[in-house]
Every structure is written in C-alpha cells, then in structure tokens.
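# Chain and residue survey
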Amino acid sequence: MHPNSNLALLGLVSTPPEGAGFVRLNIDDLWVLVAAALVFFMQAGFKVLETGMVKKEHRSSIGAKNLLDWVAGSIAFFLVGFAFMFGDSIDGFLGLDYFFGQGLDSGKILIFFLFQLAFAGTALTIVSGAMSGRTGVVAYFIVSLITATLIYPVFGHWAWGNLWNPDNQPWLASMGFMDFAGSTVVHSTGAWVAVMGIYMVGPRLGRYDAYGRIQPTKASDYAYSILGVMILWLGWWGFNGGSTLAFNEDVVKIILNTNLAGAAACFTGFFHAYLFQNKKDVIEKIAGGSLTGLVAITACCNVVTPISSLMIGALAGVIHNIFYVVISEKWKLDDPVGAIAVHGIGGVFGTMSVALFGQEELLMHSRWMQLGIQFMGVATCFLFTTAVSYVIFTVIKKTIGLRVSPIEEKKGSFVGNYDLEVGINEVDDQTVSQVSIRISDKGYNIYSVIEYLSISQERRKKMVAEDRIKYMDESGGIIPPLVAVRQLGMMLDSMKDEATAERDELRNKQTEYDSSLQHVSSLQSAMLEDESGLKDLFGEAFLIFKPRKKVSGDFYWFKQISEYKILIVSNCTGMGVSGGFLGMLGISLIKEIFSNNKLLYPDKVLKLLDKKFDHALRTRTLSAKLKDAMDVSIIIVDELKQKIYFSGANNGLLHFTASGLSEYQGSKWPVGQTPDDDKAIFTREVISYLPGESIYLYTNGYYNQVNESGNSLGIDSFKAQLKQAHKMDIDTQQNILLDDLHEWQGAAEQTDDVLVVGLKLR
C-alpha cells in the first residue's frame, strides 16, 4: 500500500482524478523550485553587495537598476529568450520553440523555466554593478532587454541547448564543452557585456586624474557588501546544487565543493592582499575573492573532489587580487564593484579548471583534449558577447547617449531632473579636460577635449546653440562657458600652429642640440671620477664607459670612507642632454649624501637618494608624466671581513665564485618611481667572498646593443662572456668585452649608453 493511502482515506491527502492528464511533481521538481528561489534571492545579494561598494549618492540608482534587471529579464526571457535558448535546435545554433510562452503548459517545464530565468537574471545583474554611477537608466534598460533576449540565450543555446530537449545537438555541447552551472554561460557572459559597457561609457567623473592615475573613492558601507557576499554564498548553494535538476546524492557533494572553494578563495584573497599588496583594498579583496572562488567552482563542482575545490578556490583568490589591480590601474576600466575580475576572469579560470582539476573519468574527453575544447568555449563566449555588445552600445551611444548628466552623476539621481543643472557651482580656475554632450532627452556622452575638438565646427556650434554642452575639469566640476571657450580657442590655435612650430623647431634643433651636447659633456666630464682612480681604490678593476652620444645617461661614482670602499653604477632615463642632466643630478645627490663622510648601508643610501630625487624633480606630480628615474647598484666592500653589502634599484650584480655564478637582482623599483606606500622597498644583501673572485656592476646598454639584423645581444650572452673571461686578468677581460661588443655591433649604431665595471676582489 502507498504510504499516503491511509491519509487519503481520511481526506487529508487529495488524489488526482483518473485520466485527468495530471503530471505528478516529485522531490526532484521541489528541489529545483527551491533552488530557483535561492538563485532569485541572489538578486538581493547583488543589490546589497553593490550598494555597499558604490558611493552613497549612487545607492538608490543601483538598487533600482537591480530591480529593472529582473523586470527586463523576466519579460524578455519569457517572451523570446527561453525559446532561443531551449527550443528545438536549428543546426545547433538557435532554438525556435516556446515563443511568448507557448508550450509552457506543465509544472515540470515551468519549474525548469523559473530556474533558468533566475540564471538569466544573474547574468544581467553583473552588468549593473560594473557600470554603476554614470549609466543612463533608459540606455541600461535597453541593454538588459537585448542581453536577456539575444546575447545570453544564443550563447546559452550553444552550450546548454540540450538540457530540456536531449534531442538537440547544440554545437559547443556536442563537441564536449562542459560548464556545469555557468562559469562561462552565466558569469563570463555578463562580465563581457559589462567590459564593453565600461569601455563605451567611460570612467566615473574624477576616477582618474590628468595623468591617468587612479583616484580613491569612498565606498558607501562595507557592512552591506559583506552581507551581500553572505547572501550570494547561500544563493550559490541553489545555483550549483540545483543545476543537477534532480535531488540526488551528488547535490550534497556539489554544495560542499562550492562552499570550500568560496572559503579558500576568501582565505588566500585576504592574505595575498595583506602580505603582498600592502594591505590595500583588503575588504574589497576578501569580498571579491570569495565570489571569484564561487564563480570558479561553478563550472566544475560536479567533476572535482573537495581537495581540488580547495585548490581552485585558493588560486581564484590570488587571481582575483591580481586582476583587480590590473583592470583598474593598467587597463583603466572603471569597475566600481570589481565585477570583471570576479565574473569575467573567475569564470574563465573556473571553466578551464574543468579540464585542469576534473576527475578524468568524469570528463567528456581526455584531459588535454578537454582543455582545448574548454578554451574554445571561453574564447567563443568572449568574441560573440563583446562583438554584439559593442554594436549595441555604439548604437545607443550615438542615438540616445549612454551616460547621465554630470549633475545627475554627482547627485546620484535615478531618472534625472535636468533643472537641477540651474545654480550648480561653477569653477573658473580649472582647465577643461572633458566635455559632456546631451545626445537626447534620455542620455549624455563624455568626450575628451581632443575628441570634442575633432567634431566639425558646424556641429559644435549647433550643439552649443542648443545648450547641449557642459565643459568640465577632470573631477567633473563645471567650467563656465566663456572660460571654457577661451581655453578651447587657445587649444585650437595651438593645434593650428603646431605644424609650423614643429617645422621651425626642427630647423634650429640640430644646431642647439650640438651646442648643448658639447656644453653638457664638459660638465659631466668634470663631475665624473677619474677612471684611473678606480684601480687606485680597488686594485684590479676595469671600467667600460661608452656614451651613445657625447653625454651619457649612465654614470659611476666611487669613494673610500674609513676602511670601506663604495662603488655606485647608475642608468638614468633618457639619453643625451636629458639623460646627462639626470646623471649629473644623481652624482650631485650622492655626493651630498656622503658629504659628511658618514657611512650608510646601501639600502639606506637608496632610500635617501629616492627621497632627494623625488624632492628635486617633484616626480610624484609635475614630472610623473615623464617617468624620470634612475636604475642604481651600490656596493660597499669591507676587505677586512671579506664582505660586500649590496643594494639595487632595478639593477643587479654578478658575482663569480669557484662554484659558479651568483646573481643578485635588487629591488624591482628604480629610484624616482617607488610606490608612496611601500616603506621597505629597498633590500640589502650581505655577500661573503674569497680573494680572487670577481664581481661586475653594469647597466643595460651593453646587452641591449643590437646588431645589423636588429637582434639584441641579450643578458644571457653577456653572462656567458663573463663566465669565460672572469678568471683572466682584469685588462684581458676588458679587451674581450670591448672586442665582443664591437664584433656584435658591426655597422649598426650604438643603441644606448654602455657602462660595465669589473673588480677582482682581494
């Protein structure tokens, strides 16, 4: 007897009528429906996470856009998207069933639809966070509709089109592409749409200064962000666990793997930021690291072991931290919530992890074959999504505009009230660096000054007459039109005169340059130590010093203080007069440091030299664009104790002993470009030696020399030359190096200043 028979007799359980066509739902269906609810709850998690990350002025707008994501996704996916994604396949490229809800006529397919709808909503929400703070609501709503209608469903069909109809043969899935719960299908798809959106809409006002350096922004409330992470973490149990589409024993293992990956990613994300990234943006990195681990495990949680899940999560946390910096500081993509690093990079890593960490017996192909197919799926998603997104954003930008007005962006208004622009504080002591143009009643675009001046004069006049232009400084401050027009007029005059001025400059340049070279060369010769003094100080020593022109950006300096012997070799940015100027400045500063005959450890010398160099050139501000710097190697030799104290600033030291070559690299930062927040950037090496061993200090000019074919000599060839010559007498070594350099160079010009110093220790 059925377990519920007695209850049915009592009238507590209803039984379906005979022949009613009733489809009985079971525990599998109930689990998928619960999982769908958990995935939908992730919408709240995204909202809370993003609300905490953005500026307080933008909290309301991003919350409203999260809601609009779900609205757009629900409508578009029901009417069209589900049909494209899961309908009967046309040659494995597109589904063509279930349009406008036709055929969604039973509980089972409706449950499947709701589960897939929740996934589509997740992909859309990724875009809202990445583009927050400056995107127009109408433009964003259009993007959400098209993503839910076309971008997500089409790629989704290629990878998942056989989930509901097993007879479908979608081309990626048929090849064996595996993405269990959507590291690529959901997360990377949303991220690549966001990448195009960020690129097209531009950064928030004031996010980067005139030199492209990132400026700090204050998050609204990190407590909200951490709460958002926890909500998302819970939702991920349904996201991955529900993707079984059945309640079986795999569900628990999948949820365990999901949890372990998120925990490991949070752990490594924290300690990597704490130990290796100067404790910068730690909260953002533990939040983003956790989510990157969860994204990464999404593709492979059904084919990996718990130990592998820990490894995937641990790597994901570090990967997130690295790309968090690269995306914002190197690629200049303004992503307020870090969505690209989490969902884009994390999705790629997770999809590749199917092959890298998956149990081979559970893969569709051998491990290396699977790796190639996974890469094909990742690349296809990137190319298809970015191409379609670029077209969409371009059309929107040219028709209605992508951005809100500068005033709306600063005030954080949602749908905008253009009357707010009346009475805004204007500044007249700043320089125009960007121009906001109202494209329509619904949106604006931001242009750089050069882009704006490239627009035809007639069109600019028309936009000014229609009051569609706002001139701004780099932080978004509005500049009065009369002040801005005067500045732009001067810029245009400068651009018109540029060709003439350049021609005149070229006529006079050679004469002036030759004169300045001769003058600076005389000054530099007076400041450099006499070469013969090197042998007087160290005994067996040679010096190869060959400026590319009459003046060298390389320099050397040596001195004895008490029983200690000091030798410094440096390579400055630039050649000729500019390099010679920096070289003479460096010599002057070094002499100032040692002027009282007080001996300092070499790392202390570099730290003091960096400070003085910074003060002399204002490299953090005025000269930052020029990137003035010096690569420096310093040794202090104590012959009584037979020890060398070495420190380097992006410059090394070679030490040949009886057992072979020892190489010391020094710090990766040159003097003049050290990070402001690194207190111990220069390190000190203590090297013990025996009499007769050789050491070499050098700059990069020798091994960067090219031959007639354009190939550089290379550091490895330089080391090989020294390895053969270091046991010979010091003069022979010098001759060998000079002859080899001359033979390699042939008829080619000297490409850089050359400086090599060799010592036989005693």
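Residues numbered from 1 in each chain as written. Predicted model: local features only at pLDDT ≥ 70, side-chain atom pairs only at ≥ 80, totals over all residues. Heavy atoms only, no water.

So, on to the overall build of the chain. The helix and strand tally for the chain stands at 23 helices and 16 strands. For the chain, the proportion of its 762 residues judged to be buried stands at 53%. Residue pairs in contact within the chain that sit at least 24 positions apart in sequence constitute 75% of those at least 6 positions apart. (Helix = DSSP H or I, 4+ residues; strand = E, 2+ residues; numbered from the N terminus. Buried < 20%, exposed > 50% of the residue type's maximum accessible area, 1.4 Å probe, protein only. Contact = heavy atoms within 4.5 Å.)

Another point: the pairing of strand β8 (residues 554-561). When you tally the buried positions in β8, you get six out of eight residues, the bulk of the element. Linking β8 to strand β9 (residues 564-572), which pair antiparallel, is a turn of two residues; within it Ser562 sits at a positive phi near 60°. (Pairing = 2+ DSSP bridges.)

The final tally for this structure, using the stated rule, is 14 salt bridges. Here Lys108 ties to Asp29 by a salt bridge, and the two come within 2.7 Å at their closest N and O atoms. Placement of the pair is Lys108 in helix α4 (residues 107-130) and Asp29 in helix α2 (residues 27-53), with a sequence separation of 79 residues. A residue is classified by how much of its surface remains accessible, and Asp29, at 11% relative accessible area, is buried. The closest approach of N and O atoms between Glu409 and Arg403, which form a salt bridge, is 2.7 Å. Taken individually, Glu409 and Arg403 each receive the classification buried, so the pair is uniform in this respect. If you follow the salt bridges from partner to partner, you end up with Arg204, Arg207 and Asp334 in one network. (Salt bridge = Lys/Arg side-chain N within 4 Å of Asp/Glu carboxyl O.)

Turning our attention to a nonpolar patch on the surface. Side chains of Phe267, Phe271, Tyr274, Leu275 and Phe276 sit close together on the surface and give an oily, nonpolar patch of about 580 Å² of accessible area. Its place among the elements puts Phe267 in helix α9 (residues 250-276). A relative accessible area of 53% places Phe267 in the exposed class. (Patch = residues over 30% accessible without salt bridge, like charges linked within 9 Å, V, L, I, M, F, W, Y side chains within 5 Å. Areas by Shrake-Rupley, 256 points an atom, 1.4 Å probe, with all protein chains shown as cover.)

A word on the sheet that holds strand β12 (residues 653-657). Spatially, the five strands line up as an open sheet ordered β7-β16-β15-β12-β13, and their pairing is antiparallel. Edge positions in the sheet fall to β7 (541-546) and β13 (660-664), since each has one partner strand and no second. Here the average twist between neighbouring strands, direction ignored, is 15°. Where β12 meets strand β15 (residues 694-698), four bridges bridge the pair, whose relative direction is antiparallel. (Axes fitted to C-alpha atoms, helices over the stretch in contact; angles between N-to-C directions.)

Glancing now at empty space enclosed by the protein. Applying the stated rule across the entire model yields three cavities of 30 Å³ or more. If you add up the space inside the largest cavity, you get close to 140 Å³. In terms of lining residues, the largest cavity is bounded by 17 residues, among which Leu49, Leu291, Val337, Gly338 and Val342 are the most central. Secondary-structure elements contributing two or more residues to the lining of the largest cavity are α2, α10 (282-298), α11 (306-330) and α12 (339-357). For the lining of the largest cavity, the residue count by class is 11 nonpolar, four polar and two charged. (1 Å grid on protein atoms, 1.4 Å probe; cavity = no way out; pocket = protein on both sides within 12 Å on 5 of 7 lines; lining within 4 Å. Points joined across faces, edges and corners; volume = space filled by probe spheres on them. Nonpolar A, V, L, I, M, F, W, Y, C, P; charged D, E, K, R; others polar.)

What follows is about the confidence of the model for the chain. Looking at the chain, the pLDDT average stands at 87 and 88% of residues meet or exceed 70. Within the model, pLDDT remains below 50 along residues 1-22, and this stretch shows seven contacts once partners closer than five positions in the same chain are excluded. For the stretch residues 417-424, pLDDT sits under 50, and the model shows 14 contacts to residues farther than four places along the chain or on other chains. (pLDDT = per-residue confidence, 0-100.)

Time to look at the layout of surface pockets. Counted as a void, the second largest pocket has a volume near 900 Å³. Taken together, 28 residues form the lining of the second largest pocket, with Gln434, Ile446, Tyr447, Ser448 and Glu451 sitting closest to its centre. Breaking the lining of the second largest pocket down by element, the ones donating at least two residues are α7 (183-201), α13 (367-399), β3 (434-440) and β4 (443-448). For the lining of the second largest pocket, the leading source of residues is β4, giving four residues. Partitioning the lining of the second largest pocket into residue classes produces 12 nonpolar, six polar and 10 charged.

Take the sheet that holds β3 next. One open sheet accounts for four strands, arranged β4-β3-β5-β6; its pairing is antiparallel. The sheet is open, and its two edges are formed by β4 and β6 (478-479), each paired on a single side. Two strands pair when backbone bridges link them, and strand β5 (residues 469-472) and β6 are joined in this way by two bridges, in the antiparallel orientation. Counted as the bridge partner of Met472 is Ile478 from β6.

Every buried residue of helix α22 (residues 715-725) is listed here: Phe718, Lys719, Gln721, Leu722 and Ala725. Seen from one end, α22 has its buried residues packed into an arc of 155°, which puts them on one side. Turned more than 90 degrees away from the buried face of α22 sit Asp716, Lys723 and Gln724, all of them exposed. On its buried face, α22 is in contact with β12, β13, β15, α21 (701-704), α23 (730-745) and β16 (754-760). (Arc of directions from axis to C-beta.)

This brings us to the packing of aromatic side chains. Centre distance and the angle of the planes are the two values used to describe a pair of aromatic rings. Scanning the entire structure with this criterion turns up 39 aromatic pairs. Plain terms: the ring middles of Phe545 and Tyr556 are 5.5 Å apart, the flat faces sit at 80° to each other, and that makes the pair edge-to-face. With Phe545 in strand β7 and Tyr556 in strand β8, this residue pair connects regions lying 11 residues apart in the sequence. A relative accessible area of 18% places Phe545 in the buried class. Overall, Tyr556 belongs to the buried group, its relative accessible area being 3%. On the basis of an interplanar angle of 45° and a centroid distance of 5.0 Å, the ring pair of Tyr702 and Phe718 is categorised as tilted. Residue Tyr702 is found in helix α21, and its partner Phe718 is found in helix α22; the two are separated by 16 residues along the sequence. Residue Tyr702 shares its accessibility class with Phe718, and that shared class is buried. These aromatic residues form a ring-pair network of at least three members: Phe77, Phe78, Phe82, Phe86, Tyr98, Phe112, Phe113, Tyr152 and Trp164. Lying across the ring of Tyr447, Lys397 places its NZ or CZ 6.0 Å from the centre. (Phe/Tyr/Trp six-rings, centres within 6.5 Å; stacked < 30°, edge-to-face > 60°. Lys NZ or Arg CZ within 6 Å of the ring centre and 35° of its normal.)

This part covers unusual backbone geometry. Located in the positive-phi region is Asp281, a residue other than glycine, with phi close to 55°. Relative to the helices and strands, Asp281 resides in the loop between α9 and α10. The partly exposed category is assigned to Asp281, whose relative accessible area is 28%. With a phi angle near 55°, Asp467 is a residue other than glycine that sits in the positive phi range.

For the rest of this paragraph, the subject is a positive patch on the surface. A cluster of basic residues, Lys47, Lys56, Arg59 and Lys218, forms a positive patch on the protein surface. Positionally, Arg59 belongs in helix α3 (residues 59-86). Arg59 sits in the partly exposed class, given a relative accessible area of 33%. (Lys, Arg positive; Asp, Glu negative; His and termini not counted. Charge placed at Lys NZ, Arg CZ, Asp CG, Glu CD.)

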